[in-house]
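# Structural characterization, general
Residues per chain are reported as follows:
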Amino acid sequence: MIKYKGIAARQFFILTFGLTIGTSILVTPSGLAHTAREDAWIASLCSLLINILMVVLYIAIARLYPGKTIFQMNELVLGKILGKAMSLIYLFYFLILTGTLLGNLGFFITSEMMPETPIEAIQILFLIAAIMCARMGIIILARVGELMFPWIVFLFMVLLLSLIPQIDWNHIKPILEDGWIPVANAGFHSSMFQELIVLMVFLPLVKGERKGEKALLWGAVAGGIVLSVTVLLSVLILGIEQTENSTFPAFALAKTINVGNFFQRVEGILITLWVLTFFIKISLLFLSMLHGIKTVFRLKEQNHLIYPFSVLFIIVAWNTYINTVYVANIIQQVWASYAFLHLLVIPFGLYLIGLSRTKILKSK
Amino acid sequence: MLGRTILSVLLMTSLIITSGCWSRKELNELAVVMALGIDTHKDGYAVSAQVLNSSELATKSGGSIGSLPVVTYKSVGKTVPDALQRMLSMAPRMLYLSHVRVLVLGEDLARQGVSDVLDYISRNHQLRTNFFMLIAKNGNASEILEVVTPFEYIPANSLYSSILISEKKWAATGKVTLQQFVNELKQSGSDPILSGVQLNGSSAEGQSVENVKKISPSTLLQHAGLGVFKGDRLVGWLGEPPSKTVNYVLNRVESTAGYVSCPSGGIVGFTVNRADTSLDVMLSAENIPRFSVKMEIEADINSVQCPININQPSAIEALERSIEDKYNENIEKHVKDVQQRYGADIFALGEVLHRKYPQVWKTYRSHWGESFQSMSIDVHSHVAIRRIGSIIQPLNQEVDEK
């Protein structure tokens, strides 16, 4: 077997795309419709814009320390002890994220598709796939992503095209009824669910000068567009009230597909779309955490940690995702500010400190 | 290497033979519910479910014991799922709700409010949102589900397709899905409507297969106009012409028929082939909204029951004008009637205002129910007669004395 080192830019694009869509496609339309009402789709575009800003910030940091992962940068910027502490804070954030992701998946499948299957069975099965992926490493994941990508695009196109006949444009009028404030608010809120910072772990692995940065940017844009289209479709077809009141609006949307009384009840197939992106997201998180632990504790080998970690994930999943209402409440009230800290505030601080440090170094 | 190959072959074979589903439900363990009926009861809800008798349906000859293709189970419970569970004391199989085509609500229930029932229907993951909803006019939903129907083996399917066809060709019924209903209910500028269905004949006779053995079945299901809701409560019924008006205003008319009187007595009948309605709102100087309904109608003449000379362009034009007048007058009258009698905005005019003037809407939002009653609505219709059928002059024309 030939060992390839590094990921191709195209593969990195796909990983970014998958991470962006991940859970967001299922959960965000409801929150957006709640705050931005008829303008949920504009809010979703706002969130895309915020994501682009974040990506630009990440790229700027990456350029200060080329070839370093976020965990290495922490240590370079903040010094050894503080940097390690910061890395641990990020690792904790990733851990909670992985846990809620697993919980979300479990609740989604058990409440919409297989109510009699124990939620644990679904989560463990899914985790086994993630474990395999973690053992194989990022390069294999990148290739798997490449294999999945055409399917994701195909299924999304099926969803999009088969829903066009049901569109009712009246659902999105009036535009900007309450001005930009709720729209921006909702957009900001939803942009906190596309944890693109995870990719800072893998950015240095991308082959080719600056190609990874481009892939990161375009991946975020493509993912953001898919999210916006989903939000737009949810509102256009379900209306605001039902988008807001659905636990999983995107799934409710897939349920309404009916082309000529013939092409219908296909949500069971379209669910693949979400499961595939879920898989990319969870595997990326898994790998980034392994990498982080390895950096922080200077381990030689990371694979021994896979099993303890997966047990930890399951435990976190069972304890964070207590019930749908509890999680919805956390998402509405706590999560955005918590994620904001990790996605924007800390990276921005890192950037400023890093910038002044390199400037000082240069002037010496 | 050989070990690996053997292992992978083994794994692949086990993939084929050990696959399965945790919560699998085979068809022969399911009772597929085709229609649900819900009525009020002193102990909660009386639920009736029309269940497919699949063995009877599959075996046309032999094996059949001559029972009906469906069975209607009835039970009572504090909540709808409670009643459905209790049904299992009679039904030998698990009720499967994914294929419900029609949901019938009893009139009493509709008058008390349907939100509580619809909560269960929307919350249940098995039920989809694309079935049609009906109200059992002057009766109970259970009676509707107990009638054996001609043409269709399964009465629920008969109800389903008759809604489709009557909506398309008659335009005095409404095919309202749960999704539509909930949207109209939840929007502050609109009230929902539901189509009514009633028994034409006696309930007792309709229950047996003897009903369809006659050339003229003694009991039939009949669609009966639209029910007007104010919020989630049924407040009244519209007759056939007002029901058509509602569909015209909501732009749901595909084709229908009508008539208009001739200047010299008698009538001319026409078919509407296309009807396109747009609702608009203007603000007066004092920010009082004024609604307008614009209709574009294409009609064909289908019967002439008066001696007019139809061979003249002016005659067609005169007919067009008189049809327009009739539309303007009738629709205005019916809308006013709904406004004054029910105060329920089933035309979704509030949403029209909301879409066009969101700021003005804010001042009306909280008391739209009362404001709606005093809104003025103008109707402008434009009728174009396209075809006059296979003959030109009416057969009823006086013979010219040459």
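Residues numbered from 1 in each chain as written. Chains lettered and ligands numbered in written order. Predicted model: local features only at pLDDT ≥ 70, side-chain atom pairs only at ≥ 80, totals over all residues. Heavy atoms only, no water.

## Comments concerning the overall build of chain A
- In terms of helices and strands, chain A carries 13 helices and two strands.
- With respect to the three principal axes, the spread of C-alpha positions in chain A is 70 × 45 × 40 Å.
- By the burial criterion, 57% of the 364 residues in chain A qualify as buried.
- Looking at chain A alone, contacts between residues at least 24 apart form 84% of all its contacts between residues at least 6 apart.
- Here chain A has roughly 15600 Å² of accessible surface; of this, 70% comes from carbon and sulfur atoms.
- One finds the centroid of the 25 positive side-chain charges in chain A at a distance of 22 Å from the centroid of its 17 negative side-chain charges. (Helix = DSSP H or I, 4+ residues; strand = E, 2+ residues; numbered from the N terminus. Buried < 20%, exposed > 50% of the residue type's maximum accessible area, 1.4 Å probe, protein only. Contact = heavy atoms within 4.5 Å. Areas by Shrake-Rupley, 256 points an atom, 1.4 Å probe, with all protein chains shown as cover. Lys, Arg positive; Asp, Glu negative; His and termini not counted. Charge placed at Lys NZ, Arg CZ, Asp CG, Glu CD.)

## Overview of the overall build of chain B
- A tally of regular secondary structure across chain B gives 14 helices and 13 strands.
- Taken over the C-alpha atoms alone, chain B extends approximately 100 × 65 × 60 Å along its principal axes.
- Once local pairs closer than 6 in sequence are excluded, the contacts in chain B between residues at least 24 apart make up 70%.
- Entry remark: accessible area of chain B is about 19900 Å², with carbon and sulfur atoms responsible for 54%.
- Looking at charge distribution, chain B has the averaged site of its 39 positive side-chain charges lying 7 Å from that of its 41 negative ones.

## Quick look at the packing of helix α4 (residues 70-78) of chain A against helix α5 (residues 80-112) of chain A
All names here are of chain A.
- Closest axis-to-axis distance for the α4/α5 pair is 7 Å, and the angle between their directions is 145 degrees. Like other packed secondary-structure pairs, α4 and α5 cross with a definite hand, here right-handed. Here F71, N74, E75 and L78 of α4 lie close against α5, whose contacting residues are K80, L82, G83, K84, M86, S87, Y90, L91 and F94.
- Residue classes in the contact of α4 with α5 are distributed as seven nonpolar, three polar and three charged. (Axes fitted to C-alpha atoms, helices over the stretch in contact; angles between N-to-C directions. Left-handed = near helix turned anticlockwise from the far one by under 90°. Nonpolar A, V, L, I, M, F, W, Y, C, P; charged D, E, K, R; others polar.)

## A closer look at the domain arrangement of chain B
Residue and element names in this part refer to chain B.
- Partitioning chain B into domains gives domain 1 (27-237) and domain 2 (251-402).
- Relative to domain 2, the C-alpha centre of domain 1 lies at a distance of 33 Å.
- Between domain 1 and domain 2, the contact holds 20 residues from the first and 19 residues from the second.
- Across the domain 1-domain 2 interface, the total number found is one salt bridge.
- At the junction of domain 1 with domain 2, the criterion picks out eight residue pairs in polar contact (both at pLDDT 80 or more).
- Secondary-structure elements contributing two or more residues to the side of domain 1 that touches domain 2 are α7 (155-169), α8 (178-186), β8 (220-230) and β9 (233-237).
- The residue makeup of the side of domain 1 that touches domain 2, split by class, is eight nonpolar, six polar and six charged. (Domains from an automatic or database assignment. Salt bridge = Lys/Arg side-chain N within 4 Å of Asp/Glu carboxyl O. Polar contact = N/O pair within 3.5 Å; in protein donor to acceptor, adjacent residues only side chain to side chain.)

## Here we look at unusual backbone geometry
All names here are of chain B.
- Positive phi outside glycine occurs at N138, with the angle close to 55 degrees.
- Mapped onto the elements, N138 comes out in the loop between β6 (132-136) and α6 (141-144).
- In this structure N138 comes out as exposed when scored by relative accessible area, which is 61%.
- A positive phi is found at A171, a non-glycine position, where the angle reads about 70 degrees.
- Among the secondary structure elements, A171 is positioned in the loop between α7 and α8.

## Some points on a nonpolar patch on the surface
Residue and element names in this part refer to chain A.
- A grouping of I124, L125, I128, M132, M136 and W318 is seen on the molecular surface, where their side chains present a nonpolar patch of about 620 Å² in accessible area.
- A total of five residues in the nonpolar patch trace back to one element, the largest contributor, which is helix α6 (residues 119-136).
- Assignment of secondary structure puts L125 in helix α6.
- A residue is classified by how much of its surface remains accessible, and L125, at 60% relative accessible area, is exposed. (Patch = residues over 30% accessible without salt bridge, like charges linked within 9 Å, V, L, I, M, F, W, Y side chains within 5 Å.)

## Describing the environment of Q373 of chain B
Residues and elements named next belong to chain B.
- Residue position: Q373 is located in helix α14 (residues 368-373).
- Distance in space between the C-alpha atoms of Q373 and Q340 is 5.7 Å, their sequence separation being 33 residues.
- For Q373, the contacting residues outside a window of four places in its chain are Q339, Q340 and G343.

## Points about the environment of L319 of chain B
All names here are of chain B.
- Mapped onto the elements of the fold, L319 is located in helix α11 (residues 313-341).
- Classification of L319 as buried rests on a relative accessible area of 4%.
- The spatial distance from the C-alpha of L319 to the C-alpha of C262 is 7.9 Å, given a sequence separation of 57 residues.
- Contacts of L319, omitting those with residues within four sequence positions, involve V260, V268, I301, I308 and I385.

## Describing the confidence of the model for chain A
- Looking at chain A as a whole, the pLDDT averages 87, with 98% of positions reaching at least 70.
- No element of chain A has a lower mean pLDDT than strand β2 (residues 263-264) of chain A, at 78, and none a higher one than helix α3 (residues 40-64) of chain A, at 91. (pLDDT = per-residue confidence, 0-100.)

## Focus on the nonpolar core
- One finds F12, F94, I197, F202, W274, L284 and F286 of chain A to be the most contacted residues of the largest nonpolar core, which totals 115 residues.
- For this core, the element with the highest residue contribution is helix α11 (residues 267-297) of chain A, accounting for 17 residues.
- Among the nonpolar cores identified, the runner-up in size contains 50 residues, and L319, Y342, I346 and W361 of chain B belong to it. (Core = buried A, V, L, I, M, F, W, Y, C linked by side-chain atoms within 4.5 Å.)

## Let's talk about the interface of chain B and chain A
- Listed per partner, the contact involves 22 residues of chain B and 27 residues of chain A.
- Taken together, the links from chain B to chain A amount to zero salt bridges.
- Viewed at the interface, chain A and chain B are joined by five residue pairs in polar contact (both at pLDDT 80 or more).

## Things to note about the pairing of strand β10 (residues 256-261) of chain B
Residues and elements named next belong to chain B.
- Examined bridge by bridge, β10 and strand β11 (residues 267-283) share six bridges and lie antiparallel to one another. Residue pairing for β11: Y259 is matched across the bridge by G269.
- Linking β10 back to β11 in an antiparallel pair, the connection comprises five residues, with G265 at a positive phi of about 90 degrees. (Pairing = 2+ DSSP bridges.)

## What to know about the pattern of salt bridges
- With the rule as written, the count across this model stands at 23 salt bridges over all chains.
- R37 of chain A is paired through a salt bridge with E241 of chain A; the nearest N and O atoms lie 3.3 Å apart. One end of the pair, R37 of chain A, is in the loop between α2 (24-36) and α3; the other, E241 of chain A, is in helix α9 (residues 211-245), and 204 residues separate them in sequence.
- Given the relative accessible area of 14%, E241 of chain A is considered buried.
- Among the ionic pairs, E146 of chain B bridges to K74 of chain B, the shortest N-O distance being 2.7 Å.

## Structural notes on the packing of aromatic side chains
- Evaluation of the coordinates by the stated rule reveals 27 aromatic pairs over all chains.
- Centre to centre, the rings of Y90 of chain A and F94 of chain A are 6.3 Å apart; their planes meet at 65 degrees, and the pair counts as edge-to-face. Placement of both Y90 of chain A and F94 of chain A in helix α5 is noted, with a separation of four residues, approximately one turn of the helix.
- The ring of Y160 of chain B carries the charged tip of R101 of chain B above its face, separated from the ring centre by 3.7 Å.
- Looking at K326 of chain B, its charged tip hangs above the ring of Y259 of chain B, at a distance of 3.8 Å from the centre. (Phe/Tyr/Trp six-rings, centres within 6.5 Å; stacked < 30°, edge-to-face > 60°. Lys NZ or Arg CZ within 6 Å of the ring centre and 35° of its normal.)

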